[in-house]
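Report on the structure
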Amino acid sequence: MKRSVWLVLLLAFALIVAACGGDDDSTTTAADGGDTATTAAEGGDDGGGDAVTQRSLRIVVVSHGQASDPFWSVAANGVSDAGDDMGVTVEYQSPGTFDMVEMSQIIDAAVASQPDGLVVSIPDAAALGDSIRAAVAAGIPVISMNSGSDAFADLGVLVHVGQTEYEAGLIAGQRFAAEGVGSAICINQEVGNTALDDRCQGFEDGLGVDVNVIPVDLADPTGTQETVAGALQANPVEGILTLGPTGAAPTLAALTENGLLGSVKFATFDMSPDVLNAIVDGDKLFAIDQAQYLQGYLPIVLLTKYAETGALPLGSVDRVILTGPQIVTADVAADVISYSEQGLR
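In this text, all values refer to a predicted model and were calculated from it rather than measured experimentally.

The subject of this paragraph is the pattern of salt bridges. On inspection of all chains with the given rule, the structure shows 8 salt bridges. One salt bridge connects Asp 270 with Arg 199, and the closest N-O pair in it is separated by 3.8 Å. Separated by 71 residues along the polypeptide, Asp 270 in the loop between strand S11 (265-269) and helix H9 (273-280) and Arg 199 in helix H6 (residues 194-207) bring together distant segments of the chain. Judged by relative accessible area, Asp 270 falls into the buried class, the value being 4%. Given a relative accessible area of 3%, Arg 199 falls into the buried group. One salt-bridge network, held together by shared partners, links Arg 55, Lys 305 and Glu 308.

Tracing the sequence through the fold places Gln 163 in the loop between strand S7 (160-162) and helix H5 (165-178). At a separation of 3.0 Å, a polar atom in the side chain of Gln 163 contacts the side chain of Glu 165.

Right, let's talk about the sheet that holds strand S12 (residues 287-289) for a bit. Sheet architecture is open: 6 strands sit in the order S9-S8-S10-S11-S12-S14, paired in mixed fashion. Taken across any chain shown, the strands that pair with only one partner, and hence form the sheet edges, are strand S9 (212-215) and strand S14 (326-328). When the angles between neighbouring strand axes are averaged without regard to direction, this sheet yields 25°. As judged from the 2 bridges shared by S11 and S12, these two strands associate in the parallel manner. Across the sheet, Phe 269 pairs through a bridge with Ile 288, a residue of S12. Across the sheet, H6 touches strand S8 (184-188), S9, strand S10 (239-242) and S11, and the angle it forms with S8 is around 170°.

On to the pairing of S9, then. In this structure, S8 lies alongside S9, joined through 4 bridges in parallel fashion. Among the inter-strand pairings, Ile 185 is bridged to a residue of S9, identified as Asn 212. Handedness of the crossover is the feature at issue here: the chain leaves S8, passes through H6, returns alongside S9, and the resulting connection is right-handed.

Below, the discussion takes up the packing of aromatic side chains. The final tally for this structure, using the stated rule, is 4 aromatic pairs. Judged by centre distance (6.0 Å) and plane angle (80°), the rings of Phe 176 and Phe 286 are edge-to-face. In this pair, Phe 176 is assigned in helix H5 and Phe 286 in the loop between H9 and S12, connecting sequence segments 110 residues apart. Here Phe 176 and Phe 286 have matching classes, each one buried. When the centroid spacing of 5.8 Å and the interplanar angle of 25° are considered together, the rings of Tyr 293 and Tyr 297 count as stacked. Linking Tyr 293 with Tyr 297, this pair stays in helix H10 (residues 292-309), spanning 4 residues, or about one helical turn. Both residues of the pair, Tyr 293 and Tyr 297, belong to the buried class. Here the guanidinium or amino end of Arg 175 rests over the ring plane of Phe 286, the centre of that ring lying 5.6 Å away.

What counts and how
- Residues numbered from 1 in each chain as written.
- Predicted model: local features only at pLDDT ≥ 70, side-chain atom pairs only at ≥ 80, totals over all residues.
- Heavy atoms only, no water.
- Salt bridge = Lys/Arg side-chain N within 4 Å of Asp/Glu carboxyl O.
- Helix = DSSP H or I, 4+ residues; strand = E, 2+ residues; numbered from the N terminus.
- Buried < 20%, exposed > 50% of the residue type's maximum accessible area, 1.4 Å probe, protein only.
- Polar contact = N/O pair within 3.5 Å; in protein donor to acceptor, adjacent residues only side chain to side chain.
- Pairing = 2+ DSSP bridges.
- Axes fitted to C-alpha atoms, helices over the stretch in contact; angles between N-to-C directions.
- Contact = heavy atoms within 4.5 Å.
- Right-handed = clockwise from strand over helix to strand, strands pointing away.
- Phe/Tyr/Trp six-rings, centres within 6.5 Å; stacked < 30°, edge-to-face > 60°.
- Lys NZ or Arg CZ within 6 Å of the ring centre and 35° of its normal.

Written out as structure tokens, the structure is:
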């Protein structure tokens, strides 16, 4: 798996180098401050090296996560940086909340605007399938990222960039079992998102015992803390897995408030500076990193080169280019903090 990740990184580097050159005038970067951001690459001669060759390509990214979310802000950074590096216009769009009806409408509008490429997350293939198939039928090259590794191929999507979620949860469960954990809960901030549901199922199977899934609202950290605290009081457990920073921070607060920090084994999917500091301090076992920056970055690179060459790297026989899972433990967390603070991890 590590070899796959490094191959992806080397590919991205090679494509970036190939894309650079020329003396075109610079363009601008703008965002409207909402859930849609448009970026055109910045070129020009600032004395720092060759300008980026500008391309008349526009790529739209539609995800189920808002750019203001700690996790998705990193993915959006990847989209923006790739647009700059490739010299293409990119637009990041999302619903205001986890809303599949609104997301399908955003995809439909993107298709109607006739972009040169479309990137989508697929948290619910049944809800989004018709909109994605319509994009493919319109001749728009589509790549999926983050969610949808088990569904993208049936929708006509070219390739998926992300991690396989069940297997990532399975690894988490196996690590908890190795720590001697015999009971656990899984904190799910988006019940109905098949990727998160798969994580909890994999966690249960890896641990080898029944795991209760505790649904929480990612937009309500105080309510999440109270829900987790109530679950621990009603049914004490030896381990907790959260599925992202929006669930991890309130859970850490609940453990601290109830004097359980250190006695209950705790780990999370995805990272933030707070998550990494908790790992360094010994308050979390590990984080499972899926490298969401690359999930935003690589599809832009791939679609740019696909427009120019008609070729795509497939990553593997199942056409999934793996960016994770990568396990971040205390021995490496301190080194990763600076990347997280820069919005790269």
